[in-house]
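Structural characterization, general
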Amino acid sequence: DAKTTQPTSMDCAEGRAANLPCNHSTISGNEYVYWYRQIHSQGPQYIIHGLKNNETNEMASLIITEDRKSSTLILPHATLRDTAVYYCIGAGANAGKSTFGDGTTLTVKP
Amino acid sequence: NAGVTQTPKFQVLKTGQSMTLQCAQDMNHEYMSWYRQDPGMGLRLIHYSVGAGITDQGEVPNGYNVSRSTTEDFPLRLLSAAPSQTSVYFCASSYSTGGYNEQFFGPGTRLTVL
(Lines give C-alpha, C1' and ligand atoms only; values in the text may rest on other atoms or scores of the structure.)
Protein backbone atom coordinates (compact mmCIF):
# COMPACT_ATOMS: atom_id res chain seq x y z
CA ASP A 1 0.00 0.00 0.00
CA ALA A 2 1.06 3.56 -0.63
CA LYS A 3 2.51 5.61 2.20
CA THR A 4 0.44 8.74 2.86
CA THR A 5 1.27 11.98 4.62
CA GLN A 6 -1.32 14.25 6.19
CA PRO A 7 -1.15 17.32 8.42
CA THR A 8 -1.63 16.51 12.07
CA SER A 9 -4.46 18.96 12.66
CA MET A 10 -6.62 21.60 10.99
CA ASP A 11 -9.32 24.02 12.03
CA CYS A 12 -12.32 25.14 10.02
CA ALA A 13 -15.13 27.60 10.67
CA GLU A 14 -18.63 26.20 10.72
CA GLY A 15 -20.34 26.65 7.36
CA ARG A 16 -17.08 27.06 5.47
CA ALA A 17 -15.45 24.49 3.23
CA ALA A 18 -12.91 22.21 4.85
CA ASN A 19 -10.06 21.21 2.56
CA LEU A 20 -7.97 18.31 3.84
CA PRO A 21 -4.78 17.54 1.90
CA CYS A 22 -2.99 14.22 1.53
CA ASN A 23 0.29 13.33 -0.13
CA HIS A 24 0.63 9.84 -1.60
CA SER A 25 3.61 10.14 -3.91
CA THR A 26 4.33 6.38 -3.87
CA ILE A 27 0.86 5.34 -4.97
CA SER A 28 0.88 2.81 -7.78
CA GLY A 29 -1.28 2.88 -10.85
CA ASN A 30 -3.87 0.39 -9.65
CA GLU A 31 -4.22 1.75 -6.11
CA TYR A 32 -7.23 3.77 -5.13
CA VAL A 33 -7.27 6.73 -2.75
CA TYR A 34 -9.74 6.20 0.10
CA TRP A 35 -10.85 8.61 2.77
CA TYR A 36 -12.32 7.57 6.12
CA ARG A 37 -13.20 9.50 9.22
CA GLN A 38 -13.37 8.53 12.86
CA ILE A 39 -15.63 10.42 15.23
CA HIS A 40 -14.64 10.19 18.90
CA SER A 41 -13.70 6.56 19.50
CA GLN A 42 -16.14 5.00 17.07
CA GLY A 43 -15.07 2.71 14.24
CA PRO A 44 -13.85 4.56 11.14
CA GLN A 45 -16.47 5.39 8.55
CA TYR A 46 -15.89 5.34 4.79
CA ILE A 47 -16.31 8.70 3.06
CA ILE A 48 -15.21 8.46 -0.56
CA HIS A 49 -12.66 6.91 -2.90
CA GLY A 50 -11.16 7.63 -6.31
CA LEU A 51 -8.62 6.39 -8.81
CA LYS A 52 -7.88 9.16 -11.29
CA ASN A 53 -10.94 11.33 -11.70
CA ASN A 54 -12.43 13.71 -9.20
CA GLU A 55 -15.32 12.22 -7.29
CA THR A 56 -18.30 13.61 -5.42
CA ASN A 57 -20.92 12.01 -3.24
CA GLU A 58 -23.41 13.21 -0.65
CA MET A 59 -20.71 13.58 1.98
CA ALA A 60 -17.72 15.09 0.23
CA SER A 61 -15.69 15.73 -2.90
CA LEU A 62 -12.33 14.23 -3.73
CA ILE A 63 -9.85 16.06 -5.94
CA ILE A 64 -6.91 13.99 -7.21
CA THR A 65 -4.00 15.68 -8.95
CA GLU A 66 -3.21 14.61 -12.49
CA ASP A 67 0.02 12.91 -11.40
CA ARG A 68 -1.92 11.18 -8.57
CA LYS A 69 0.72 12.13 -6.03
CA SER A 70 -1.70 14.06 -3.85
CA SER A 71 -5.38 14.58 -3.22
CA THR A 72 -7.73 16.86 -1.31
CA LEU A 73 -10.89 15.94 0.52
CA ILE A 74 -13.43 18.75 0.50
CA LEU A 75 -16.30 19.02 2.96
CA PRO A 76 -18.28 21.82 1.28
CA HIS A 77 -20.14 23.18 4.29
CA ALA A 78 -18.52 21.92 7.46
CA THR A 79 -20.67 21.45 10.55
CA LEU A 80 -19.71 20.82 14.16
CA ARG A 81 -20.54 17.16 13.59
CA ASP A 82 -17.71 16.95 11.05
CA THR A 83 -15.17 17.32 13.85
CA ALA A 84 -13.25 14.04 13.58
CA VAL A 85 -9.99 12.40 12.58
CA TYR A 86 -9.74 11.99 8.80
CA TYR A 87 -7.61 9.25 7.28
CA CYS A 88 -6.29 9.13 3.72
CA ILE A 89 -5.26 5.69 2.45
CA GLY A 90 -3.83 4.37 -0.76
CA ALA A 91 -4.78 0.75 -1.30
CA GLY A 92 -5.09 -1.84 -4.03
CA ALA A 93 -7.53 -4.66 -4.58
CA ASN A 94 -7.37 -5.82 -0.98
CA ALA A 95 -8.22 -2.77 1.08
CA GLY A 96 -8.49 -5.16 4.00
CA LYS A 97 -4.72 -4.92 4.45
CA SER A 98 -4.73 -1.14 4.44
CA THR A 99 -2.26 0.85 6.44
CA PHE A 100 -3.78 3.76 8.34
CA GLY A 101 -1.52 6.61 9.38
CA ASP A 102 -2.34 8.99 12.21
CA GLY A 103 -4.70 11.06 10.07
CA THR A 104 -5.70 14.72 10.35
CA THR A 105 -7.71 15.92 13.32
CA LEU A 106 -10.25 18.39 11.93
CA THR A 107 -11.87 20.71 14.43
CA VAL A 108 -14.88 22.65 13.19
CA LYS A 109 -15.42 25.78 15.27
CA PRO A 110 -18.60 27.83 15.68
CA ASN B 1 -28.19 -6.25 8.27
CA ALA B 2 -26.36 -5.93 11.56
CA GLY B 3 -23.12 -5.10 9.70
CA VAL B 4 -19.94 -5.83 11.65
CA THR B 5 -20.44 -6.81 15.27
CA GLN B 6 -17.81 -7.17 17.96
CA THR B 7 -17.95 -8.69 21.41
CA PRO B 8 -17.26 -7.86 24.13
CA LYS B 9 -17.42 -4.05 24.13
CA PHE B 10 -15.13 -3.79 27.15
CA GLN B 11 -12.72 -6.25 28.75
CA VAL B 12 -10.22 -6.14 31.58
CA LEU B 13 -7.56 -8.85 31.75
CA LYS B 14 -4.68 -9.63 34.03
CA THR B 15 -1.21 -10.08 32.60
CA GLY B 16 -0.79 -13.60 31.28
CA GLN B 17 -4.46 -14.32 30.75
CA SER B 18 -5.75 -15.34 27.34
CA MET B 19 -8.97 -14.41 25.63
CA THR B 20 -10.72 -14.26 22.29
CA LEU B 21 -12.23 -11.15 20.76
CA GLN B 22 -15.16 -12.00 18.56
CA CYS B 23 -15.98 -10.43 15.20
CA ALA B 24 -18.84 -11.31 12.89
CA GLN B 25 -20.29 -9.83 9.71
CA ASP B 26 -23.49 -10.64 7.88
CA MET B 27 -22.69 -9.00 4.55
CA ASN B 28 -20.98 -12.03 2.96
CA HIS B 29 -17.74 -10.06 2.67
CA GLU B 30 -14.62 -11.91 1.58
CA TYR B 31 -12.10 -9.72 3.36
CA MET B 32 -11.84 -9.24 7.11
CA SER B 33 -9.22 -7.46 9.19
CA TRP B 34 -8.22 -6.71 12.75
CA TYR B 35 -6.71 -3.37 13.78
CA ARG B 36 -5.57 -1.97 17.08
CA GLN B 37 -5.64 1.70 18.00
CA ASP B 38 -3.58 3.04 20.87
CA PRO B 39 -4.54 6.38 22.46
CA GLY B 40 -3.96 9.31 20.12
CA MET B 41 -2.68 7.07 17.36
CA GLY B 42 -3.95 5.74 14.06
CA LEU B 43 -4.99 2.18 13.32
CA ARG B 44 -2.38 -0.53 12.94
CA LEU B 45 -3.15 -3.76 11.10
CA ILE B 46 -2.76 -6.94 13.17
CA HIS B 47 -4.01 -9.72 10.88
CA TYR B 48 -6.23 -9.96 7.85
CA SER B 49 -8.05 -12.61 5.84
CA VAL B 50 -9.02 -12.77 2.18
CA GLY B 51 -11.46 -15.64 2.65
CA ALA B 52 -12.34 -18.66 4.76
CA GLY B 53 -9.22 -20.65 5.57
CA ILE B 54 -6.81 -17.90 4.47
CA THR B 55 -5.13 -15.48 6.88
CA ASP B 56 -2.00 -13.37 6.84
CA GLN B 57 -0.04 -11.09 9.15
CA GLY B 58 -0.24 -7.33 9.21
CA GLU B 59 2.07 -4.76 10.78
CA VAL B 60 1.83 -5.86 14.41
CA PRO B 61 0.95 -9.59 14.59
CA ASN B 62 3.05 -10.65 17.57
CA GLY B 63 1.02 -11.91 20.51
CA TYR B 64 -2.12 -12.50 18.45
CA ASN B 65 -3.57 -15.45 16.56
CA VAL B 66 -6.44 -15.59 14.10
CA SER B 67 -8.36 -18.19 12.17
CA ARG B 68 -11.15 -17.96 9.59
CA SER B 69 -13.23 -21.11 9.49
CA THR B 70 -16.33 -19.38 8.08
CA THR B 71 -16.96 -16.33 5.91
CA GLU B 72 -18.89 -14.67 8.72
CA ASP B 73 -16.51 -14.98 11.68
CA PHE B 74 -12.95 -13.80 12.31
CA PRO B 75 -11.94 -14.20 15.98
CA LEU B 76 -8.75 -12.66 17.39
CA ARG B 77 -6.97 -14.57 20.14
CA LEU B 78 -4.64 -13.00 22.67
CA LEU B 79 -2.34 -15.80 23.74
CA SER B 80 -0.85 -14.31 26.92
CA ALA B 81 -2.04 -10.77 27.55
CA ALA B 82 0.51 -8.05 28.28
CA PRO B 83 -0.02 -4.40 29.37
CA SER B 84 1.31 -3.33 25.95
CA GLN B 85 -1.79 -4.87 24.41
CA THR B 86 -4.03 -2.37 26.17
CA SER B 87 -5.79 -0.78 23.22
CA VAL B 88 -9.01 -0.47 21.27
CA TYR B 89 -9.47 -3.28 18.78
CA PHE B 90 -11.46 -2.79 15.59
CA CYS B 91 -12.62 -5.45 13.20
CA ALA B 92 -13.44 -4.57 9.60
CA SER B 93 -14.83 -6.34 6.57
CA SER B 94 -14.92 -5.50 2.89
CA TYR B 95 -15.89 -6.94 -0.46
CA SER B 96 -14.00 -6.87 -3.70
CA THR B 97 -15.64 -5.28 -6.71
CA GLY B 98 -13.42 -4.57 -9.67
CA GLY B 99 -10.34 -3.65 -7.72
CA TYR B 100 -11.64 -1.36 -5.02
CA ASN B 101 -13.46 -2.00 -1.76
CA GLU B 102 -14.61 0.11 1.14
CA GLN B 103 -14.17 -1.28 4.61
CA PHE B 104 -16.96 -1.51 7.15
CA PHE B 105 -15.81 -1.25 10.74
CA GLY B 106 -17.26 -2.63 13.93
CA PRO B 107 -17.76 -0.52 17.08
CA GLY B 108 -14.57 -1.76 18.72
CA THR B 109 -13.53 -3.67 21.83
CA ARG B 110 -11.81 -1.67 24.54
CA LEU B 111 -9.24 -3.90 26.23
CA THR B 112 -7.28 -3.09 29.37
CA VAL B 113 -4.51 -5.40 30.55
CA LEU B 114 -3.41 -4.90 34.15
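So, here's what we can say about the structure. This structure is a prediction, so every number in the text was calculated from the model and none was measured. (Residues numbered from 1 in each chain as written. Chains lettered and ligands numbered in written order. Predicted model: local features only at pLDDT ≥ 70, side-chain atom pairs only at ≥ 80, totals over all residues. Heavy atoms only, no water.)

Re the pairing of strand E6 (residues 54-57) of chain B
Residues and elements named next belong to chain B. The condition that has to hold: Should DSSP find at least two bridges between two strands, the strands are regarded as paired. Helix and strand labels come from DSSP, where a helix needs a run of H or I of at least four residues and a strand needs a run of E of at least two; each type is numbered from the N terminus.
Inspection of the sheet shows strand E5 (residues 43-51) paired to E6 by four bridges, in the antiparallel sense. Along E6, the bridge assignment pairs tyrosine 48 with aspartate 56. Here E5 hands over to E6 after two residues, with glycine 53 in that stretch at a positive phi of 85°.

A short note on the environment of threonine 8 of chain A
Residues and elements named next belong to chain A. Where we set the bar: Accessible area is worked out with a 1.4 Å probe on protein chains only. A residue is then buried under 20% of its type maximum, exposed over 50%, and partly exposed in between. Contacts between residues were defined by any pair of non-hydrogen atoms, one from each residue, lying within 4.5 Å.
Looking at the element boundaries, threonine 8 is found in the segment before strand E1 (9-13). Threonine 8 gets classed as exposed once you look at its relative accessible area, which sits at 64%. In contact with threonine 8, not counting residues within four places along its chain, are Gly103, Thr104 and Thr105.

A few points about unusual backbone geometry
The general pattern is negative phi for most residues beyond glycine and trans for most peptide bonds. The step from threonine 7 of chain B to proline 8 of chain B runs through a cis peptide bond, and the omega angle for that step is -5°. Structurally, proline 8 of chain B is set in the loop between strand E1 (4-7) and strand E2 (10-13). Even without being a glycine, histidine 40 of chain A presents a positive backbone phi close to 50°. Assignment of secondary structure puts histidine 40 of chain A in the loop between strand E3 (32-38) and strand E4 (45-50). The phi dihedral of arginine 68 of chain A falls on the positive side, at around 65°, and the residue is not glycine. Relative to the helices and strands, arginine 68 of chain A resides in the loop between strand E6 (61-64) and strand E7 (70-75).

Some words on the state of the cysteines
Any covalent bond linking the sulfur atoms of two cysteines counts as a disulfide. This is how the line gets drawn: The criterion for a disulfide is a pair of cysteine sulfur atoms lying within 2.5 Å.
Per the stated rule, a full pass over the model turns up two disulfides over all chains. Here cysteine 22 of chain A pairs with cysteine 88 of chain A through a disulfide, and the sulfurs are 2.1 Å apart. Handedness of the cysteine 22 of chain A-cysteine 88 of chain A disulfide follows from its S-S torsion of about -80°: it is left-handed. Of this pair, cysteine 22 of chain A sits in strand E2 (residues 18-23) while cysteine 88 of chain A sits in strand E8 (residues 84-91), and the two are 66 residues apart along the sequence. Across the pair, cysteine 88 of chain A and cysteine 22 of chain A agree in class, each one buried. Shown here is the disulfide that connects cysteine 23 of chain B with cysteine 91 of chain B, its sulfur atoms set 1.8 Å apart. Disulfide cysteine 23 of chain B to cysteine 91 of chain B: torsion about the S-S bond roughly -70°, handedness left-handed. Here the residue cysteine 23 of chain B occupies a position in strand E3 (residues 19-25), and cysteine 91 of chain B occupies one in strand E9 (residues 87-94), the gap between them amounting to 68 residues. Residue classification places cysteine 23 of chain B among the buried positions, given a relative accessible area of 2%. Not engaged in a disulfide, the cysteine cysteine 12 of chain A finds its nearest cysteine sulfur in cysteine 22 of chain A; these two sulfurs lie 18 Å apart.

Fair warning: the whole summary comes from geometry, so function is off the table for now.
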